[in-house]
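# Chain and residue survey
As a plain string of letters, each chain reads:
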Amino acid sequence: WLMDHDRKVAPLKSLQGKIWTTGYESGALRARIFVDVLPAFRRLHMWNIPIYLFSSGSVLAQQLLIRYSEFGDLSEYIRGYFDTTIGSKLDARGYATIAETIDVMKPEVLFVSDIVGELDAAFAAGMKVLLSQRPGNFPQPESAYGQVTSFESLCAGSAPT
């Protein structure tokens, strides 16, 4: 019932992560990643810009997706993982906690999501935000947020200042 209704509750996500471990470690599963992600990760890494993930999926599930991607192990590019054990993705306090944990001023953090409600929370916490528009995303209500259709566009040009 929880999965059928897309409930993002920590115990379910933790259980899913543990079940997926077997599939990923056996090679039966590989995480699908958009083709522009790895080049963007490499460029951000070269520029020494850290990447953190905040997902409704458990930290374990995130690590499995990154470690067992169809492009290989991408974990060297990820500085840290956060899940809803720090708070709801719809609550500004979770984003403030992330900024404090990674020791970065909130206005220096760019949060990218395909959910307008998450962007609202991150923006309320003082972060920069962009709406990710990718094939397969659920339709979102209109918003004034900037949009990004590829990670390549995030990394266009030279290193940011």
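Structure's up top.
What this report covers is the structure whose coordinates are included nearby. Worth saying up front: this structure is predicted, and the values here are computed from it rather than measured. (Residues numbered from 1 in each chain as written. Predicted model: local features only at pLDDT ≥ 70, side-chain atom pairs only at ≥ 80, totals over all residues. Heavy atoms only, no water.)

## Details of helix α4 (residues 92-102)
Residues of α4 that are buried: Gly 94, Tyr 95, Ala 96, Ile 98, Ala 99 and Ile 102. Against the buried residues of α4 lie β1 (51-54), β2 (78-82), β3 (110-113) and α5 (116-124). Two residues or fewer past α4, Asp 103 is found with a positive phi of approximately 60°. (Buried < 20%, exposed > 50% of the residue type's maximum accessible area, 1.4 Å probe, protein only. Helix = DSSP H or I, 4+ residues; strand = E, 2+ residues; numbered from the N terminus. Contact = heavy atoms within 4.5 Å.)

## Focus: the packing of helix α1 (residues 10-26) against helix α3 (residues 59-67)
One way to put it is that α1 packs onto α3 with a least axis distance of 9 Å and a crossing angle of 20°. What the angle tells us is that α1 and α3 run roughly parallel. Considering only the axes of α1 and α3, their crossing is left-handed. Together, Gly 17, Lys 18, Trp 20, Thr 21 and Tyr 24 of α1 and Leu 60, Ala 61, Leu 64 and Leu 65 of α3 make up the contact between the two elements. Its residues placed into classes, the contact of α1 with α3 shows six nonpolar, two polar and one charged. (Axes fitted to C-alpha atoms, helices over the stretch in contact; angles between N-to-C directions. Parallel < 35°, antiparallel > 145°, perpendicular 65-115°, else oblique. Left-handed = near helix turned anticlockwise from the far one by under 90°. Nonpolar A, V, L, I, M, F, W, Y, C, P; charged D, E, K, R; others polar.)

## Observations regarding a nonpolar patch on the surface
Judged by side-chain polarity, Leu 15, Ile 19, Trp 20 and Leu 29 come together as a nonpolar surface patch covering roughly 360 Å² of accessible area. Topologically, Leu 15 is positioned in helix α1. (Patch = residues over 30% accessible without salt bridge, like charges linked within 9 Å, V, L, I, M, F, W, Y side chains within 5 Å. Areas by Shrake-Rupley, 256 points an atom, 1.4 Å probe, with all protein chains shown as cover. Salt bridge = Lys/Arg side-chain N within 4 Å of Asp/Glu carboxyl O.)

## Here's the deal with the sheet that holds β3
One open sheet holds the three strands; their spatial order is β3-β4-β5, and the pairing between them is parallel. Whereas interior strands pair on both sides, the edge strands pair on one side only; in this sheet they are β3 and β5 (147-148). Bridge analysis of strand β4 (residues 128-132) against β5 gives two bridges, and the strand direction is parallel. Residue pairing in the sheet places Ser 132 in a bridge with Val 148 of β5. (Pairing = 2+ DSSP bridges.)

## What about the pattern of salt bridges?
Side-chain pairs of opposite charge can arise whenever the charged atoms involved come near each other. A complete count under the given rule lists three salt bridges for this structure. For Asp 36, the salt bridge is made with Arg 134, and the minimal N-O distance between the two is 3.0 Å. Here the residue Asp 36 occupies a position in the loop between α1 and α2 (37-46), and Arg 134 occupies one in the loop between β4 and β5, the gap between them amounting to 98 residues.

## Focus: the packing of aromatic side chains
Tallied over the full model, the rule gives seven aromatic pairs. Centre to centre, the rings of Phe 54 and Tyr 95 are 5.2 Å apart; their planes meet at 75°, and the pair counts as edge-to-face. On the criterion of sequence distance, the pair formed by Phe 54 in strand β1 and Tyr 95 in helix α4 is long-range, its members being 41 residues apart. Members of the aromatic cluster, connected to one another through ring pairs, are Phe 41, Tyr 77 and Phe 151. When the ring centre of Phe 34 is taken as origin, the NZ or CZ atom of Arg 134, which lies over that ring, is 4.0 Å away. (Phe/Tyr/Trp six-rings, centres within 6.5 Å; stacked < 30°, edge-to-face > 60°. Lys NZ or Arg CZ within 6 Å of the ring centre and 35° of its normal.)

## Some words on the side chain of Ser 150
Checked against the element boundaries, Ser 150 lands in the loop between β5 and α6 (151-154). For Ser 150, a relative accessible area of 19% puts it in the buried group.

## Looking at the nonpolar core
It is characteristic of soluble globular proteins that their nonpolar side chains tend to be buried jointly. Ranked by size, the top nonpolar core spans 18 residues in total, and within it Phe 41, Leu 74 and Ile 78 carry the most contacts. Those elements that provide at least two residues to this core are α2, α3 and β2. If you tally residues by element for this core, the top one is α2, at five residues. Leaving out residues up to four positions away in the same chain, Leu 74 has contacts with Leu 38, Phe 41, Ile 66 and Ser 69. Counting 17 residues, the second-largest nonpolar core is a separate cluster that includes Tyr 95, Phe 111, Ala 121 and Leu 131. (Core = buried A, V, L, I, M, F, W, Y, C linked by side-chain atoms within 4.5 Å.)

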